[in-house]
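Letter by letter, the chains look like this.
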Amino acid sequence: PTRRSSDLWGTVPLQVPFFGSTTVLTVFGGRIVPDSLVLIIFVIVLALALHVWYKYSLSGLASIAVAVDRVAAQLRGINVRRRSIVAFAMGGAIAGLAGILVAPQTFAISNLGDAIGLTAFIAFALGGTGSLLGATIGGLAVGVIEQEVARYVGSLYTNSFLYVILLLILLVMPNGLFGRTTVRAI
């Protein structure tokens, strides 16, 4: 007989413990668990660090040039292959670190990446393509929308509301809230 993966791993999602304190904190009159606070601080610091790197370093500017137009960047003397490897490595490192911080807020289940990836895409589309600030604000907006829908309507409807918002954004503002329309001259 063939074994199913649920027979091997089980059907109960596993909780991932937080590496720090689990005492609930009071911040600005509201209550928050330390793993959420650490994740919020991580996102803010990461967004600021990436903004400074992209805006003020030659390496960051070269990475943007490669992302916008690989051929033009190569013609300007930028090593496109090296930039691509650096971008891939940075993305993997950031995803690994973020995974350690997100894991205590989620459960260890096999299809979690699909749900997080789809939510991230909605945040990206809402914030705007090509805008780091827009993606950050889009992520914050998606988180607030999810929480408010879960609170007032029910947690079963959060994805439905997000899909409706995604459709509205794509219909009304295809570049998102902070995205720009660019015209490429050939």
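Residues numbered from 1 in each chain as written. Predicted model: local features only at pLDDT ≥ 70, side-chain atom pairs only at ≥ 80, totals over all residues. Heavy atoms only, no water.

Caption draft 1: Just the overall build of the protein, in detail. Looking only at helices and strands, the protein has eight helices and four strands in total. For the protein, buried positions account for 20% of its 186 residues. (Helix = DSSP H or I, 4+ residues; strand = E, 2+ residues; numbered from the N terminus. Buried < 20%, exposed > 50% of the residue type's maximum accessible area, 1.4 Å probe, protein only.)

Caption draft 2: Helix 2 (residues 34–56), seen in detail. Between its first and last C-alpha, helix 2 extends 32 Å over 23 residues, near the 33 Å set by a 1.5 Å rise per residue. Contacts made by the buried residues of helix 2 are with strand 2 (25–27), strand 3 (30–32), helix 5 (80–102) and helix 7 (132–152). (Expected span 1.5 Å × (residues − 1). Contact = heavy atoms within 4.5 Å.)

Caption draft 3: Representation of the nonpolar core within the structure. Listed in full, the eight residues of the largest apolar core are Ile122, Ala123, Ala125, Leu126, Val142, Leu162, Leu166 and Ile169. For this core, the secondary structure elements donating two or more residues are helix 6 (112–127) and helix 8 (158–172). For this core, the leading source of residues is helix 6, giving four residues. Excluding residues within four positions of it along the chain, Leu126 makes contact with Gly138, Ala141, Val142, Ile165, Ile169, Gly176 and Leu177. (Core = buried A, V, L, I, M, F, W, Y, C linked by side-chain atoms within 4.5 Å.)

Caption draft 4: Structural context of the packing of helix 6 against helix 7. Close contact between helix 6 and helix 7 brings their axes to 7 Å; oriented N to C, the two are set at 120°. On the basis of the axis angle, helix 6 is oblique to helix 7. Every pair of crossing elements has a handedness; the one defined by helix 6 and helix 7 is right-handed. Taking contact as the criterion, the partners of Thr119, Ile122, Ala123, Phe124, Leu126 and Gly127 in helix 6 are, on helix 7, Gly134, Ala135, Gly138, Gly139, Ala141, Val142 and Glu146. A per-class count over the contact of helix 6 with helix 7 returns seven nonpolar, five polar and one charged. (Axes fitted to C-alpha atoms, helices over the stretch in contact; angles between N-to-C directions. Parallel < 35°, antiparallel > 145°, perpendicular 65-115°, else oblique. Left-handed = near helix turned anticlockwise from the far one by under 90°. Nonpolar A, V, L, I, M, F, W, Y, C, P; charged D, E, K, R; others polar.)

Caption draft 5: Geometry of the confidence of the model for the protein. Residue-level pLDDT values for the protein average 82, and 88% of them are 70 or greater. Confidence, expressed as mean pLDDT per element, reaches its minimum in the protein at helix 1 (residues 5–9) with 60 and its maximum at helix 4 (residues 70–75) with 90. (pLDDT = per-residue confidence, 0-100.)

Caption draft 6: Examining the side chain of Ser63 more closely. Tracing the backbone shows Ser63 in helix 3 (residues 58–68). Ser63 gets classed as buried once you look at its relative accessible area, which sits at 13%. At a separation of 3.2 Å, a polar atom in the side chain of Ser63 contacts the side chain of Arg83. Setting aside residues no more than four positions away along its own chain, Ser63 makes contact with Trp53, Tyr54 and Arg83. (Polar contact = N/O pair within 3.5 Å; in protein donor to acceptor, adjacent residues only side chain to side chain.)

Caption draft 7: Spatial organisation of the packing of aromatic side chains. All chains considered together, the criterion is met by one aromatic pair. An angle of 50° between the planes, with centres 5.0 Å apart, marks the rings of Trp53 and Tyr54 as tilted. The class of Tyr54 is partly exposed, set by a relative accessible area of 29%. (Phe/Tyr/Trp six-rings, centres within 6.5 Å; stacked < 30°, edge-to-face > 60°.)

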